[in-house]
Amino acid sequence: YSLGQVDGVDFGTGMAGALGGLMSTRVYMRGTLTPTPGSTHMRLIVNGRRVTVPVAQAHGSFEMQGRKVDGEFFVLDDAQHPLLLKVVVGKSAFQMIRVDFPDGGSVAKTLAAELASRCRAEIPGVYFDFGTADLRPESSDALADVGRVMTAHPDWKLSVEGHTDAIGAAGENLALSQRRAEAVKTTLITRYRVPPSQVTATGFGQTKPKEPNTTIEGRARNRRVELVRSCPGRS
C-alpha cells in the first residue's frame, strides 16, 4: 500500500474517546499524509505473546471538527493487513497494545499442549468491560476453545486464575480478579457444559505480575486470565 492524499480518516467511537472523550461521536480528519523516511518497529501482544512487527510511519496536518491538528500515524507494514497501530494527534494518543484472533483451532491445541507440559496456560482473547467482571461477546471464541480442551481431557482438574495490573487499590484489584475468574468459570459451566467439579476459580489481583507495571505494554500483559492444571509435584 502507499501513503498519500487522504480524503478522510474515520476513527469511529473508540478513537473519538482517545481524541477528546467524544465516545458517541465519529471523528473525521481530512488532510495529507507524508511518509516518514526509514523504518521502525513496534511491540504487540498477539494471542498472549510478545511479538515485534514492522511499522510504516507517516505524518501530516489535518482539519478536524473545524480546527487544524498535526498527527503521526503508525501502520502495520503489511499490504494485506495495514492495521492502524498508533496515532498521535495533538496531545492525544491512541495505541493498539493487544491483538487476539481465532486461527483455525490452534489456540485450543496450544492451550492443551501448554497445560500438558507446563500445567499452566494463558487464555488469549478474554475481554471484560472496563472495571467490571462482565465478559464481552468477543470472548466467546476463546472460551469455546477452553471448553473443547476441558471436554477432551475430563480427567484434568483446572483452576481459572484472574490477574490485574497495579492501577487502583490492591484490595479492589484482588476482588475484581476474583469476580472475573468466577465469571469465566460460570460461563464454562453454563455455556460449554464443563462439569462444576472440573473447574475452580481464584483471583490474585496485582500480586503476580508478568512484567513491570511501568509501561502500558507491561500492564496489558499483567491483565490476563490463566488456566492452571492440578499436576502432582507442581505448584
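Residues numbered from 1 in each chain as written. Predicted model: local features only at pLDDT ≥ 70, side-chain atom pairs only at ≥ 80, totals over all residues. Heavy atoms only, no water.

Brief notes about the overall build of the chain
Per the secondary structure count, the chain includes five helices and 12 strands. Here the chain, with 235 residues, has 43% of them falling under the buried criterion. Sequence-distant contacts in the chain: of pairs separated by 6 or more residues, those separated by 24 or more amount to 59%. Carbon together with sulfur atoms contributes 54% to the accessible area of the chain, which is approximately 12,600 Å² in total. (Helix = DSSP H or I, 4+ residues; strand = E, 2+ residues; numbered from the N terminus. Buried < 20%, exposed > 50% of the residue type's maximum accessible area, 1.4 Å probe, protein only. Contact = heavy atoms within 4.5 Å. Areas by Shrake-Rupley, 256 points an atom, 1.4 Å probe, with all protein chains shown as cover.)

Concerning the pattern of salt bridges
When the charged atoms of two side chains with opposite charge come close together, those side chains can pair. Counted under the stated rule, the structure contains 14 salt bridges. Among the ionic pairs, Glu122 bridges to Arg98, the shortest N-O distance being 3.1 Å. Highlighted residues: Glu122 in strand 9 (residues 120-122) and Arg98 in strand 8 (residues 98-99), separated in sequence by 24 residues. We note that Glu122, like Arg98, is buried. (Salt bridge = Lys/Arg side-chain N within 4 Å of Asp/Glu carboxyl O.)

Quick word on the nonpolar core
Val126, Val160, Val184 and Leu188 are the most contacted members of the largest nonpolar core, which totals 28 residues. Listing elements by their share of this core, those giving two or more residues are helix 2 (106-117), helix 3 (140-152), strand 10 (158-163), helix 4 (170-190), strand 11 (199-203) and strand 12 (224-229). Of the residues forming this core, the biggest block, six residues, is contributed by helix 3. Discounting chain neighbours no more than four positions away, the residues touching Val126 are Leu135, Ser139, Ala142, Leu143, Val184 and Val225. (Core = buried A, V, L, I, M, F, W, Y, C linked by side-chain atoms within 4.5 Å.)

Section: the sheet that holds strand 10
If you walk across this open sheet you meet the four strands as 9-12-10-11, and the pairing is mixed. The outermost strands of the open sheet, each flanked by one partner alone, are strand 9 and strand 11. For this sheet, the mean angle separating the axes of adjacent strands, direction not counted, is 20°. Together, strand 9, strand 10 and strand 12 form the strand contacts of helix 2, whose direction differs from that of strand 9 by roughly 150°. (Pairing = 2+ DSSP bridges. Axes fitted to C-alpha atoms, helices over the stretch in contact; angles between N-to-C directions.)

A few points about unusual backbone geometry
Here Cys119, not a glycine, exhibits a phi torsion of approximately 65°, which is positive. Its relative accessible area of 6% is what places Cys119 among the buried residues. At Arg193, a position not held by glycine, the phi torsion is positive, near 60°. Position of Arg193 among the secondary structure elements: in the loop between helix 4 and strand 11. For Arg193, a relative accessible area of 74% puts it in the exposed group.

Looking at the packing of helix 2 against helix 3
Helix packing geometry: the angle between the two helix axes and the distance between the axes. Contact geometry for helix 2 and helix 3: axes closest at 9 Å, N-to-C directions at 50°. In terms of orientation, helix 2 and helix 3 fall into the oblique class. Note that helix 2 runs across helix 3; the crossing there is right-handed. Across the interface between the two elements, Val107, Ala108, Leu111, Ala112 and Leu115 of helix 2 pack against Asp145, Val146 and Val149 of helix 3. Split into classes, the residues belonging to the contact of helix 2 with helix 3 amount to seven nonpolar, no polar and one charged. (Parallel < 35°, antiparallel > 145°, perpendicular 65-115°, else oblique. Left-handed = near helix turned anticlockwise from the far one by under 90°. Nonpolar A, V, L, I, M, F, W, Y, C, P; charged D, E, K, R; others polar.)

Things to note about the side chain of His163
Positionally, His163 belongs in strand 10. Of the polar contacts made by the side chain of His163, one reaches the side chain of Glu161; its length is 3.2 Å. With sequence-adjacent residues up to four places away left out, His163 is seen in contact with Ser177, Phe204, Gly205, Lys208, Asn222, Arg223, Arg224 and Glu226. (Polar contact = N/O pair within 3.5 Å; in protein donor to acceptor, adjacent residues only side chain to side chain.)

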